[in-house]
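The chain contents come next:
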Amino acid sequence: MPVKLIVSDIDGTLVGKSGKVTERLKSAFRACEKKNIPIVLASGRTFFGARALAVEAGLNAPVISANGGRLDLDINKEDAPFYEDTLEKETSMKVYRRLKEAGCFMTSYVGKKIYVLNETNGYGSKCAWKSEAVKGLDYVIMDDEERFLKEGTVAPYKYEAYSDDRNLMDKLRKEFSDMGLSVSSAFPFNLEILSPGGGKGRAIRALAQKMGITMDEVMALGDGSNDLGMLEVSGIPVAMGNAVEVLKKAAKYIAPDVDEDGAAIAIEKFALSEETI
């Protein structure tokens, strides 16, 4: 069955150490465009963070951001998401209080922004510097907890927690999973906490239904455990050579590493050459 939609993670999948999209990958994107195969980015980044990469890569397709919390059909209309999946207020507060008690570096993704409460412990930890907020992208950093509670805890797409303490991360993962929440990781030292059943997989299903295509016609590429949901629902699940083991087990094809143009090779193989998997 030919590929009619490609959905891909960004960091560790499309871009590697350079942080840039290679010319080979851009060429594969252009060839897909000629075949009317949309390339949709599905990232843990904010809408603006994901859109910036889409523009750099020359893409003009829907974007899934906040790890599946938000789906925009038109990247030029930033205030008109087609789909949103947020945490309910009571659940959001439970997550906020637990992460604050645990002393993690914590962020919340609300709308197009990342909210950070300065007093959150762990801000200076090594792992925290992997956060978009610390990199200065789309962030709102504040010292006022009252303001954070009014803005940063209302209908968040997700919370992120960072800590150098792996045992703490494992403990929190179990606690939030036991609450029925969707918990994944982009890195070994972080957690991404979403609504029950939330994630990239749910967003892709919504997009495929909108487009009138079946999930068997979807090709998904990823490298982290937060990509597991989208690989599980896609007909052509591809894990990068640098992917975590749980993702490789869910994939039907293991592409070369991201820094070996693995994504371009997979797209050429299954979308452009139409090999079967």
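For the structure itself, look to the data block above.
The following refers to the structure shown. For clarity, every value in this text was computed on a predicted model and none was experimentally measured. (Residues numbered from 1 in each chain as written. Predicted model: local features only at pLDDT ≥ 70, side-chain atom pairs only at ≥ 80, totals over all residues. Heavy atoms only, no water.)

1. Digging into the pairing of strand β2 (residues 39-42)
Defined as follows: For the exposure calls, accessible area comes from a 1.4 Å probe over protein chains only, and a residue counts as buried if that area is under 20% of its type's maximum, exposed if over 50%, partly exposed in between. Here a helix means four or more residues in a row that DSSP labels H or I, a strand means two or more in a row labelled E, and each is numbered from the N terminus. For the handedness criterion, the strands are oriented away from the viewer, and a crossover whose path from the first strand over the helix to the second runs clockwise is classed as right-handed. The criterion for strand pairing is that DSSP finds at least two bridges linking the strands in question.
The alternating pattern of β2 places Ile 39 and Leu 41 on one face and Val 40 and Ala 42 on the opposite face, and all of these are buried. Remark: the strand β1 (residues 5-8)/helix α1 (residues 23-34)/β2 crossover connection has right-handed handedness. Pairing between β2 and strand β3 (residues 63-65): two bridges, direction parallel. Note that in β3 the partner of Leu 41 across the bridge is Val 63. Where the polypeptide runs from β2 across helix α2 (residues 47-56) and back to β3, its parallel neighbour, the crossover connection is right-handed.

2. Thoughts on unusual backbone geometry
The phi dihedral of Ala 66 is positive, around 50°, even though this residue is not glycine. Of note, Ala 66 is situated in the loop between β3 and β4 (70-72). Even without glycine at this site, Asp 261 takes up a positive phi of about 65°.

3. Here we look at the sheet that holds β2
Condition: In this analysis, two residues are considered to be in contact whenever any of their non-hydrogen atoms come within 4.5 Å of each other. An axis is simply a line fitted to the C-alpha atoms; with a helix, the fit covers only the stretch in contact. Between two such axes, the angle follows the N-to-C directions and lies from 0 to 180 degrees.
With mixed pairing, the eight strands of this open sheet are ordered in space as β5-β4-β3-β2-β1-β12-β13-β14. Looking at which strands have only one partner, the edges of the open sheet turn out to be β5 (83-84) and β14 (253-254). Here strand β13 (residues 236-239) pairs with β14 via two bridges, running parallel. Directly across from Ala 239, in β14, lies its bridge partner Ile 254. Most of the contacts of α2 go to β3, to which it runs at about 145°, and overall it touches β2, β3 and β4. Across the sheet, helix α10 (residues 262-272) is in contact with β1, β12 (218-222), β13 and β14; its angle to β12 comes to roughly 165°.

4. Details of the packing of aromatic side chains
What counts here: Any pair of Phe, Tyr and Trp rings, taking the six-membered ring for Trp, is counted once the centres come within 6.5 Å. Such a pair is stacked with planes under 30 degrees apart, edge-to-face with planes over 60 apart, and tilted for the rest. Charge-over-ring contacts are defined here by two conditions on Lys NZ or Arg CZ: a distance within 6 Å of the ring centre and an angle within 35 degrees of the ring normal.
Taken as a whole and judged by the stated rule, the model has four aromatic pairs. Summarising the aromatic geometry, the rings of Phe 47 and Phe 48 are spaced 5.4 Å apart at their centres and angled 55° between planes, so their arrangement reads as tilted. For Phe 47, a relative accessible area of 1% corresponds to the buried category. Exposure remark for Phe 48: the relative accessible area of 22% places this residue in the partly exposed category. Ring geometry for Tyr 253 versus Phe 270: centroids 5.0 Å apart, planes at 80°, classification edge-to-face. Here Tyr 253, found in strand β14, pairs with Phe 270, found in helix α10; they are 17 residues apart in sequence, far enough to count as distant. An identical accessibility class is assigned to Tyr 253 and Phe 270; each is buried. Here the basic side chain of Arg 70 rests over the ring of Phe 47, its NZ or CZ set 4.8 Å away from the ring centre.

5. Details of the nonpolar core
To keep it simple, the criterion reads: In plain words, nonpolar cores are sets of buried Ala, Val, Leu, Ile, Met, Phe, Trp, Tyr and Cys residues tied together by side-chain atoms within 4.5 Å.
In terms of nonpolar packing, the biggest core is built from 34 residues, with Ile 6, Leu 25, Phe 29, Met 219, Val 238 and Ile 267 touching the most fellow members. Counting only elements with at least two residues in this core, the list comes to α1, β2, α2, β12, β13 and α10. Excluding residues within four positions of it along the chain, Met 219 makes contact with Val 3, Leu 5, Ile 6, Val 7, Ile 236, Val 238, Ala 266, Ile 267 and Phe 270.

6. Notes on the pattern of salt bridges
Basically, it comes down to this: The term salt bridge refers to a side-chain nitrogen of Lys or Arg lying within 4 Å of a carboxyl oxygen of Asp or Glu.
Using the criterion set out here, one finds 21 salt bridges in the structure. Across the salt bridge formed by Glu 151 and Arg 147, the nearest N and O atoms sit 3.0 Å from each other. Highlighted residues: Glu 151 and Arg 147, both in helix α5 (residues 145-151), separated by four residues, approximately one helical turn. Using a relative accessible area of 28% as the deciding quantity, one classes Glu 151 as partly exposed. Note that Glu 245 is salt-bridged to Lys 248, the shortest N-O span being 3.8 Å. Separated by three residues within a single helix, Glu 245 and Lys 248 lie in helix α9 (residues 245-250), roughly one turn from each other. Look at Lys 248 and you get partly exposed, because its relative accessible area is 24%. What emerges from the salt-bridge pattern is a single network uniting Arg 51, Glu 78, Asp 79 and Lys 112.

7. So, α10
All buried positions along α10 are accounted for by Gly 262, Ala 263, Ala 264, Ala 266, Ile 267, Phe 270 and Ala 271. In this structure, the buried residues of α10 make contact with β1, α1, β12, β13 and β14.

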